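Per-entry structural report
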Amino acid sequence: ASVNQIDFGGYIQDDWRVRPNLTLSAGLRYETQTNIKSHLNFAPRIAFAWSPGAGGARQPKTVVRGGLGIFYDRFNESLTLSANRFDGSADSQSQFVVSSFSTEGANILDQFPTLPTVAQLSAFGQAKTIRLVSDDLQAPYTMQAAVSVERQLPYRITLATTFVSSRTLHVLRSRNINTPLPGTFNPLVPNSGVRPFGNINNYYEYESSGTLNQNQLIINLNNRLNPNFTLFATYVLGKVNGDTDGPQTFPANTYDLSTEYGRASFDVRHRLFLGGSFGVPWGIRLNPFIIASSGRPFNITTGGVDRNGDAQFTERPSFAPAGADCNAVNIRCTRFGNFNLTPAPGEEIIPRNFGEGPAFFAVNLRASKTFGFGDIKGSNAAASGQQQGGGGRGARAEG
């Protein structure tokens, strides 16, 4: 399989210095690509930089910057290639999802580690996976606004505070559009249910129906006390919510996306970066670097059984009622809460990415020393020229 893709992007910008301490910028970017039918991708941007109190030879101690704009993402050629590889034709690559049951009580997994052939899989009535790209797929784009204040402090310290707010539309996700209609699938009966396309194959379609909202507060601190001592620190307070984490994200319920909005997989609330450069005796330079962050969220799923026939194990539990027996078959008690693994139809399930992993902390230290070997070419001649005045220049020219 192969794929060809052409991307085009053009950008124009104009900067207008309204006053010595105020600059306005405006720009417009246009992007387009082949392989998707999304070509009206115009992205305007506007920004300003203002230095209150600046004038003449006086250097400004405060700079305020801000801007807003639209930024497009591309539909990666690897996704188009995946759709070409698994297009369902006879000469294409085949992919099957093998559940724990097959047909009439036979279990194809009992053959492991012997791998079944394509003919055997088909004989067992296994569903073939077909990849599609939605006809109305749009290029994802982000509307972003940012404002920052930078201030020069005593002792060569620079403090910058930035607030960034972003909203992304047409975020990519995958969905099995041949999932059995609600209420028609029995997880104990393979390939049961009424499917929109009539057959048992899985049609995984890339679509652009997701949203993402992100807010960040970024604080930067830099200090250049002298050539032997520099220090920098960055702290980021962030919050990211959305209903998909990218093109390989499947919803818990193909026919109800309203329960998907929650924390994004990269919603790390606190992040800290601390580093510097220090000169110590014997010409050694130390560069420490510290990284600390709170935990990343992860999705909590029921696991084990595909309960809606979409060939994905993304079903999420509901919260167990108060006083539920933690030893019951359908109840799981964890440090994240108590969950019911078999929620009733219509019962509210837990939010996406409800769990949170451990915090992260790392310390790195690099020690370096520079050694010199030999003389720099021409250094002796340069030294001779400095001692002899102008005659040295003539000697170098003749050489």
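Structural notes on the pairing of strand S6 (residues 141-153)
As judged from the eleven bridges shared by strand S4 (residues 62-72) and S6, these two strands associate in the antiparallel manner. Pairing of phenylalanine 71 across the sheet is with threonine 142, part of S6. As paired strands, S6 and strand S7 (residues 157-176) are joined by 13 bridges and run antiparallel to one another. Directly across from leucine 153, in S7, lies its bridge partner isoleucine 157. A loop of three residues connects S6 with S7, the two strands running antiparallel in sequence, and tyrosine 155 in this loop sits at a positive phi of about 60 degrees.

Some thoughts on the packing of aromatic side chains
Inspection of the entire model under this criterion finds twelve aromatic pairs. Measuring from ring centre to ring centre gives 5.4 Å for tyrosine 72 and tyrosine 141, while their planes differ by 45 degrees; the resulting arrangement is tilted. In this pair, tyrosine 72 is assigned in strand S4 and tyrosine 141 in strand S6, connecting sequence segments 69 residues apart. With a relative accessible area of 19%, tyrosine 141 lands in the buried category. Arranged with centres 5.5 Å apart and planes meeting at 85 degrees, the rings of phenylalanine 298 and phenylalanine 336 form a pair that is edge-to-face. Highlighted residues: phenylalanine 298 in strand S13 (residues 297-298) and phenylalanine 336 in the loop between strand S15 (331-334) and strand S16 (337-340), separated in sequence by 38 residues. The partly exposed category is assigned to phenylalanine 336, whose relative accessible area is 24%. By way of ring pairs, the aromatic residues Phe8, Tyr30 and Phe42 are connected into one cluster. The ring of phenylalanine 371 carries the charged tip of lysine 369 above its face, separated from the ring centre by 5.4 Å.

Section: the pattern of salt bridges
Tallying each qualifying case throughout the model produces ten salt bridges. Arginine 74 serves as the salt-bridge partner of glutamate 31, at 3.2 Å between the closest nitrogen and oxygen. Here glutamate 31, found in strand S2 (residues 22-33), pairs with arginine 74, found in the loop between S4 and helix H1 (77-85); they are 43 residues apart in sequence, far enough to count as distant. Residue classification places glutamate 31 among the buried residues on the basis of a relative accessible area of 8%. Judged by its relative accessible area of 24%, arginine 74 falls in the partly exposed class. Across the salt bridge formed by aspartate 267 and arginine 269, the nearest N and O atoms sit 2.9 Å from each other. A cluster of three or more residues bridged by salt bridges with shared partners is formed by Arg263, Asp267, Arg269 and Glu356.

Concerning unusual backbone geometry
Non-glycine residue asparagine 35 carries a positive phi angle of around 80 degrees. Examined against the element boundaries, asparagine 35 turns out to sit in the loop between S2 and strand S3 (41-50). When its relative accessible area of 34% is taken as the criterion, asparagine 35 is described as partly exposed. For alanine 311, which is not a glycine, the phi torsion comes out positive at approximately 65 degrees.

Some details on the pairing of strand S8 (residues 202-226)
As judged from the five bridges shared by strand S5 (residues 129-133) and S8, these two strands associate in the parallel manner. Residue pairing for S8: leucine 132 is matched across the bridge by glutamate 205. Of the strand pairs in this sheet, S7 and S8 are connected by 18 bridges, and their pairing is antiparallel. Counted as the bridge partner of threonine 161 is isoleucine 219 from S8. Where S8 lies against strand S9 (residues 229-242), 14 bridges are found, and the strand directions are antiparallel. Bridging across to S9, isoleucine 219 finds its partner in tyrosine 235. Adjacent in sequence and paired antiparallel, S8 and S9 are bridged by two residues.

Some remarks on H1
Considered for burial, the residues of H1 that qualify are Leu79, Thr80, Ser82 and Ala83. Looking down the long axis of H1, one finds its buried residues gathered within 155 degrees of arc, a one-sided arrangement. Contact partners of the buried residues in H1: S5, S7 and S8. Residue asparagine 76 occupies the N-cap position of H1, its side-chain oxygen lying 2.8 Å from the main-chain nitrogen of serine 78.

Rules used in this analysis
- Think of each chain on its own: its residues are numbered from 1, step by step along the sequence as written.
- In keeping with the model being predicted, local features are shown solely for residues with a pLDDT of at least 70 and side-chain atom pairs are shown and tallied solely at 80 or more, while totals for entire chains, interfaces and linings include all residues.
- Hydrogens and waters are ignored; side-chain quantities use all the structure's heavy atoms.
- A pair of strands counts as paired when DSSP detects no fewer than two bridges linking them.
- The helix count covers DSSP runs of H or I at least four residues long, the strand count covers runs of E at least two residues long, and both are numbered beginning at the N terminus.
- Two rings belonging to Phe, Tyr or Trp (six-membered ring only in the last case) form a pair when the distance between their centres is within 6.5 Å. Interplanar angles under 30 degrees mark stacking, angles over 60 mark edge-to-face geometry, and anything in between is tilted.
- Only protein chains enter the calculation, and the probe is 1.4 Å; a residue is then buried if its accessible area is under 20% of its type maximum, exposed if over 50%, and partly exposed in between.
- Only when the NZ of Lys or the CZ of Arg is both within 6 Å of the ring centre and within 35 degrees of the ring normal is a charge said to sit over the ring.
- Basic side-chain nitrogens of Lys or Arg form a salt bridge, by our definition, when they fall within 4 Å of a carboxyl oxygen of Asp or Glu.
- As used here, the arc is the angular range of directions from the helix axis to the C-beta atoms.
- Contact criterion: two residues are considered in contact whenever any of their non-hydrogen atoms come within 4.5 Å of each other.
- Each polar contact in these results corresponds to two N or O atoms within 3.5 Å; when the atoms are within protein, one needs to be able to donate a hydrogen and the other to accept it, and residues that are neighboring in sequence are counted only if both atoms are side-chain atoms.

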